[in-house]
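Per-entry structural report
One-letter residues, chain by chain:
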Amino acid sequence: MPPSRLIDFCAVWDAGVFLASAAGKGAPSGVPGRRLNEAETLNSVREAQFQRLEAERPRRPGCGVRGPVLRMAGQPPPWAYTAILLCALSLGRAIEIPMDPSIQNELSQPPTITKQSVKDHIVDPRDNILIECEAKGNPAPSFHWTRNSKFFNIAKDPRVSMRRRSGTLVIDFRSGGRPEEYEGEYQCFARNKFGTALSNRIRLQVSKSPLWPKENLDPVVVQEGAPLTLQCNPPPGLPSPVIFWMSSSMEPITQDKRVSQGHNGDLYFSNVVLQDMQTDYSCNARFHFTHTIQQKNPFTLKVLTNHPYNDSSLRNHPDMYSARGVAERTPSFMYPQGTASSQMVLRGMDLLLECIASGVPTPDIAWYKKGGDLPSDKAKFENFNKALRITNVSEEDSGEYFCLASNKMGSIRHTISVRVKAAPYWLDEPKNLILAPGEDGRLVCRANGNPKPTVQWMVNGEPLQSAPPNPNREVAGDTIIFRDTQISSRAVYQCNSSNEHGYLLANAFVSVLDVPPRMLSPRNQLIRVILYNRTRLDCPFFGSPIPTLRWFKNGQGSNLDGGNYHVYENGSLEIKMIRKEDQGIYTCVATNILGKAENQVRLEVKDPTRIYRMPEDQVAKRGSTVQLECRVKHDPSLKLTVSWLKDDEPLYISNRMKKEEDSLTIFGVAERDQGSYTCVASTELDQDLAKAYLTVLADQATPTNRLAALPKGRPDRPRDLELTDLAERSVRLTWIPGDDNNSPITDYVVQFEEDQFQPGVWHDHSRFPGSVNSAVLRLSPYVNYQFRVIAINEVGSSHPSLPSERYRTSGAPPESNPSDVKGEGTRKNNMEITWTPMNATSAFGPNLRYIVKWRRREAREAWNNVTVWGSRYVVGQTPVYVPYEIRVQAENDFGKGPEPDTVIGYSGEDYPRAAPTDVKIRVLNSTAISLQWSRVYSDTVQGQLREYRAYYWRESSLLKNLWVSQKRQQAGFPGDRLRGVVSRLFPYSNYKLEMVVVNGRGDGPRSETKEFTTPEGVPSAPRRFRVRQPNLETINLEWDHPEHPNGILIGYTLKYVAFNGTKVGKQIVENFSPNQTKFTVQRADPVSRYRFSLSARTQVGSGEAVTEESPAPPNEATPTAAYTNNQADIATQGWFIGLMCAIALLVLILLIVCFIKRSRGGKYPVREKKDVPLGPEDPKEEDGSFDYSDEDNKPLQGSQTSLDGTIKQQESDDSLVDYGEGGEGQFNEDGSFIGQYTVKKDKEETEGNESSEATSPVNAIYSLA
């Protein structure tokens, strides 16, 4: 046999069916890429070990090799070492025993632990103790136990027994005894003649729920506004109890950001308010096993206050604390204490960080991580942002976290350094190894942890070092290698990986089996399948060595694989599209060196079930009769069942309905009969269904207004589709248009559906004008067409018409080939050829398939070809990244398509073999460097060169004690470039850099590590710039150092300017030392505000500035005073301007009224002011007024004209001038005094009428004046 036929070195078990991995043609295939990589990276010691396996000595075939292994004289070819290496690396999964009970009971098997108690086993002291240990094996294993590493003699203790056919211990306390006496570390041993398996070391502990110590608690006296911690101090339980706080009346304590329970169980008050006295506080502990709750004696609070009245109105006061006389305070931490702490957490656990702060007002808590962001997918905030929980912690979560507590008085921070350690966790857990005699294999035990765990091997529970020597076994660190195994090599091996945080213990047995092939499925199965469907024939089998499986049809012919057949790795035979000629008897034959076994499967092909006369949508009047047809064609050997659904629910056949073999009749149609009707035709293998809609018309009333305009609507569906002029490649479709609903039909869209490739999916065929109702349609060969028509007007589209009858065109060879042909490698030794499959209208015939051809481009060798039914084909055993010429040609039962175009594809890429050399670095500035390197040879790329890639990381900062993130970053330089620039670096830092070549497979080896240092740069902005204004004379400024100094800080520069509305003063510049972080500004006046700009400086220059403004001065009274940033000068506000305009307009109107009264006189009520009433002849009696219009230059009522012509307000606002007793004053026309006019009034009357003219226009003017 030539070397090229040495195939199928390894095999796997898949889906409960054991089968060799198919190799196809040529050298071995199907080996996972992971194993290939392992083979390439083995050190020289392991290579020498495996090369010794190739020593020329007579041996039986193993490792799943099909047929005899050639013995070659002289040096074996290179592929032989690779084959043996791959075989040895993959034999850990060589054989798996099926779950078939008959095989499980027959084959001898070392013991395997199947069930055991948890490592930390806590039990309820009120119950009997169970320590579980169950195992399987053949023969059934026996059990014994150790306690605290010493043999535990069960027979000597009457309370201890072991369950039958199990190793589970039962410790019974019904007759007395203390469970605490049995605490300790237990381990179970399961043994049969082939080995011993071990359980974990089970630490048994008895649950404890001690009572709370009795104590008398004095009232807690606290000043209002002060912080308070109520300590819980629960009794230590096992497991720890759940803590919660309630009042003595069992009412839960309301918690918020001011009052909350810490993780340690204590109750924290950030500040105490008077309302906290209204209840008492009791800590409660709930114990898990006993399901009991223990309550501590309650705390009683006495709050001392400067405002003894508990005024509820102050609770919602905007400044509740100052209103109650409580001084405001900056935050301080109640837990944890100090400014820094540390915490260790194990990988995979939850990290809980907690910060609880006091202060007035209650501080807000915010969380940050130095040098990065919080992991958004794992981080969540708890307890009103006082706790940060990060779930499933990994090594990337280590670092420094800090919490920031802030209120309007200031802020403080606490830094928590988090270290992530790890108990051992599996990277490669050892698995049971089942081999045939003479085969080779290995057990691998790889674990990781922090610190790095140590690995200890044991065999049958004893250290491997003290076990009898075995020449067929060799230990290489975390791997045990077995060579030429025999029946006597059977044993159970234990791998113990441990560090200070825990341990892992795994059992893996080595079993050597010598079993001829056996079939696992019933014999002579009958499988019936529908024509044109896909089916799969299963043939599960087992054997050791791994058998070879082949399929034959009707007892003759070659092995079935390829074309319409595909054999899976588990041995199943898939037939992609069943045809009539596929009917027959299929035989699967499994063969190994011990014999062979076969089984037969009889395949029958049945015709599909089809509804060829479907029910149609109908519109019926109420009371009429409707018949829905459903005629079915099916395979006569199958039983047909026809049922009906209404609105997708089973139809109840009432006495008004008649169900026949091919129809459903409804008599006396009613409104409730309206809906969709589905005919379901089914056999035991398949089904078909068709749906129609029944519309029931109600009695129509005569419209009252026949002249009313009808609204426009979508057109009704076309109807009565008819196919005529049937030809091979065309057909005429005619239809009757539906009502256009007052909007002319503009277009018709003809759609088609075919039932082979995409049944039930409608495609647009063509479009015709609205004036057409008959058209000739061009058709493709071998398509079973069905048409429908949609009408369109300006309102929209109609519902599709009912489908036409089907029309199948005759077949023809394809006229085109598949598109988008590509050839790309998915592994380094293959090439996957893919294409876009052709649709139904381009298939042109039945059994569409593709002839795939390929050959090496440079070699110009003969074309390889294969027939494929899908849309991909994988070419195996190709050299690394070589060009291929590819052709894909369509073919059906009528012939082949045209000659296809040639496409160039490439086989799979491998990782690059060389790294860039002569890497030179030139520092451009503080944040960028220039790279230059030498080009690698093209043959070392082993693929398409995607880019040169630089990996760089910040090793340290030149500033001492500055923590930096060493996360690796990358910069890519696409194409065959020899230089590039890496930017966005941190200034003043030490960096390391490596370069690789990248192709489609991945990265190549890394270049020599280069180191470089970036110079100083400008710093980032100062952090947490705070502006406070304690009084009207000074402004206090505080800031923190920049997060990224980017060099040695030499100082800070502060620029500030005063402004008042739109007026801006002169800018002032202050320079500070690098250690100064505070400054006080003396205000020039109490009204102006200030705008501050602060930046840090290095030798390079000033960095980014941070800008803040001082707060607005309180109680501003003038429009020119400055407000907050969101307020403008009041003089520029629209509402103020409008108000001033309205007041001015009102004053103007009043002045005009006064002027008119002054110049023309007026009528004023005087009757109540006169001593003598008017006579009946008085012409003014009716309206009670007195007219002074005939007298010129009379003074206005209630006023007196002075010599300079001004008007002076008098003490009375009556309608007549009141001078009091003996008041006098009258003037002639030229202004001289001519006498007196006296009006005597009763004092009471005068006082009673003082307001009779209070609302007069004149008085209004005076009031404004």
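Residues numbered from 1 in each chain as written. Predicted model: local features only at pLDDT ≥ 70, side-chain atom pairs only at ≥ 80, totals over all residues. Heavy atoms only, no water.

1. Focus: the overall build of the protein chain
- In terms of helices and strands, the protein chain carries ten helices and 94 strands.
- Per-residue burial for the protein chain yields a buried fraction of 44% across its 1265 residues.
- When contacts within the protein chain are restricted to residue pairs at least 6 apart in sequence, long-range pairs at least 24 apart make up 65% of them.
- As displayed, the protein chain offers around 67,100 Å² of accessible surface, 49% of which is attributable to carbon and sulfur atoms. (Helix = DSSP H or I, 4+ residues; strand = E, 2+ residues; numbered from the N terminus. Buried < 20%, exposed > 50% of the residue type's maximum accessible area, 1.4 Å probe, protein only. Contact = heavy atoms within 4.5 Å. Areas by Shrake-Rupley, 256 points an atom, 1.4 Å probe, with all protein chains shown as cover.)

2. Focus on a nonpolar patch on the surface
- On the surface, a nonpolar cluster with roughly 560 Å² of combined accessible area is contributed by W1135, L1139, M1140, I1143, V1147 and L1151.
- Looking at the element boundaries, L1139 is found in helix α8 (residues 1134–1160).
- Relative accessible area serves as the criterion here: at 42%, L1139 is assigned to the partly exposed category. (Patch = residues over 30% accessible without salt bridge, like charges linked within 9 Å, V, L, I, M, F, W, Y side chains within 5 Å. Salt bridge = Lys/Arg side-chain N within 4 Å of Asp/Glu carboxyl O.)

3. Describing the pattern of salt bridges
- Per the counting criterion, the structure on display carries 56 salt bridges.
- For the salt bridge of R613 with E629, the shortest nitrogen-to-oxygen distance reads 3.6 Å. Note that R613 is positioned in strand β49 (residues 610–613) and E629 in strand β51 (residues 626–629), a separation of 16 residues in sequence.
- Of the charged contacts, one joins E832 and R872 as a salt bridge, the two residues approaching to 2.5 Å between their closest N and O atoms. One end of the pair, E832, is in strand β67 (residues 830–836); the other, R872, is in strand β70 (residues 872–876), with 40 residues separating them in the sequence.
- Judged by relative accessible area, which is 45%, R872 ranks as partly exposed.
- Salt bridges linked by common partners bring R1024, R1026, R1028, E1038 and D1040 together as one network.

4. Concerning the packing of aromatic side chains
- Scanning all chains against the criterion turns up 24 aromatic pairs.
- Considering the side-chain rings of Y785 and F787, the 5.4 Å spacing of their centres and the 5° angle between planes classify their relative orientation as stacked.
- Residue class for Y785 comes out buried when judged on its relative accessible area of 2%.
- Judged by centre distance (5.5 Å) and plane angle (40°), the rings of W854 and Y873 are tilted. (Phe/Tyr/Trp six-rings, centres within 6.5 Å; stacked < 30°, edge-to-face > 60°.)

5. Describing unusual backbone geometry
- Omega for the bond connecting N138 with P139 falls within 30 degrees of zero, at 5°, which places this linkage in the cis form.
- Note that P139 resides in the loop between β6 (133–138) and β7 (142–147).
- P336 follows Y335 through a cis peptide bond whose omega is -10°.
- Residue placement: P336 occurs in the loop between β22 (329–335) and β23 (340–346).
- Not every positive phi belongs to a glycine, and D720 is a case in point at roughly 55°.
- Among the secondary structure elements, D720 is positioned in strand β59 (residues 719–724).

6. Quick notes on the nonpolar core
- Grouped together as the largest cluster of nonpolar side chains are 32 residues, with contacts concentrated most on I131, W145, L169 and Y186.
- Breaking this core down by element, the ones donating at least two residues are β5 (129–131), β6, β7, β10 (169–171), β11 (184–192) and β13 (202–206).
- Discounting chain neighbours no more than four positions away, the residues touching I131 are S117, H121, W145, G167, T168, L169, Y186, I202 and L204. (Core = buried A, V, L, I, M, F, W, Y, C linked by side-chain atoms within 4.5 Å.)

7. Notes on the sheet that holds strand β15 (residues 228–230)
- An order of β15-β18-β17 is seen for the three strands of this open sheet, with the pairing classed as antiparallel. If you trace the sheet from one side to the other, it starts and ends with β15 and β17 (259–261), each paired once. Within the sheet, the average angular offset between the axes of one strand and its neighbour, ignoring direction, is 15°.
- Two strands pair when backbone bridges link them, and β17 and strand β18 (residues 267–269) are joined in this way by three bridges, in the antiparallel orientation. Residue Q261 lies in a different strand from β18, and its bridge partner there is L267. (Pairing = 2+ DSSP bridges. Axes fitted to C-alpha atoms, helices over the stretch in contact; angles between N-to-C directions.)

Note that every value here comes from positions in space, so none of it alone points to a role or purpose.
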